[in-house]
Amino acid sequence: MTHEDAMRLALAEAGRARDQDEVPVGAVVVFDGRVIGAGFNQPIATMDPTAHAEVVAVRAAAARSATTASPVQSCMSPSSRA
């Protein structure tokens, strides 16, 4: 994916914001050449002052990239007990 491709996707996200009467800003998070998160401004519709395009995109990327492994499990191995 090129920078231009990512910008086109971000502009499409901005169009979604505009269509919902929000400030037309969009964002995408790209990792290893693929989009792992996308979002558009939506603080009015969601009544969430933090729902800016960049934050929404990062939240989407984080949700997609989340793992089920817990760091606590590795800390509780038998060899780590006193």
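Data block above holds the structure.
Here we summarise the structure given alongside this text. Predicted model only: the values in this text are computed from it and were never measured. (Residues numbered from 1 in each chain as written. Predicted model: local features only at pLDDT ≥ 70, side-chain atom pairs only at ≥ 80, totals over all residues. Heavy atoms only, no water.)

### Some details on the pattern of salt bridges
It is possible for side chains bearing opposite charge to pair when their charged atoms get close.
Right, on to step 1. The full count for this structure, using the stated rule, is four salt bridges.
Right, on to step 2. The residue Asp5 makes a salt bridge to Arg8 at a minimum N-O spacing of 3.1 Å. Here Asp5 pairs with Arg8, and both are found in helix α1 (residues 3-19), just three residues apart, close to one helical turn.
Right, on to step 3. Judged by its relative accessible area of 53%, Arg8 falls in the exposed class. (Salt bridge = Lys/Arg side-chain N within 4 Å of Asp/Glu carboxyl O. Helix = DSSP H or I, 4+ residues; strand = E, 2+ residues; numbered from the N terminus. Buried < 20%, exposed > 50% of the residue type's maximum accessible area, 1.4 Å probe, protein only.)

### Details of the environment of Gly33
Right, on to step 1. On the secondary structure map, Gly33 appears in the loop between β1 (26-31) and β2 (34-40).
Right, on to step 2. For Gly33, a relative accessible area of 37% gives the class partly exposed.
Right, on to step 3. For the pair Gly33 and Thr2, spaced 31 residues apart in the sequence, the C-alpha separation amounts to 7.8 Å.

### Some remarks on the pairing of β1
Right, on to step 1. Alignment of β1 against β2, held across six bridges, turns out to be antiparallel. Directly across from Val30, in β2, lies its bridge partner Val35.
Right, on to step 2. Counted between consecutive antiparallel strands, the loop separating β1 from β2 contains two residues, among which Asp32 sits at a positive phi close to 50°. (Pairing = 2+ DSSP bridges.)

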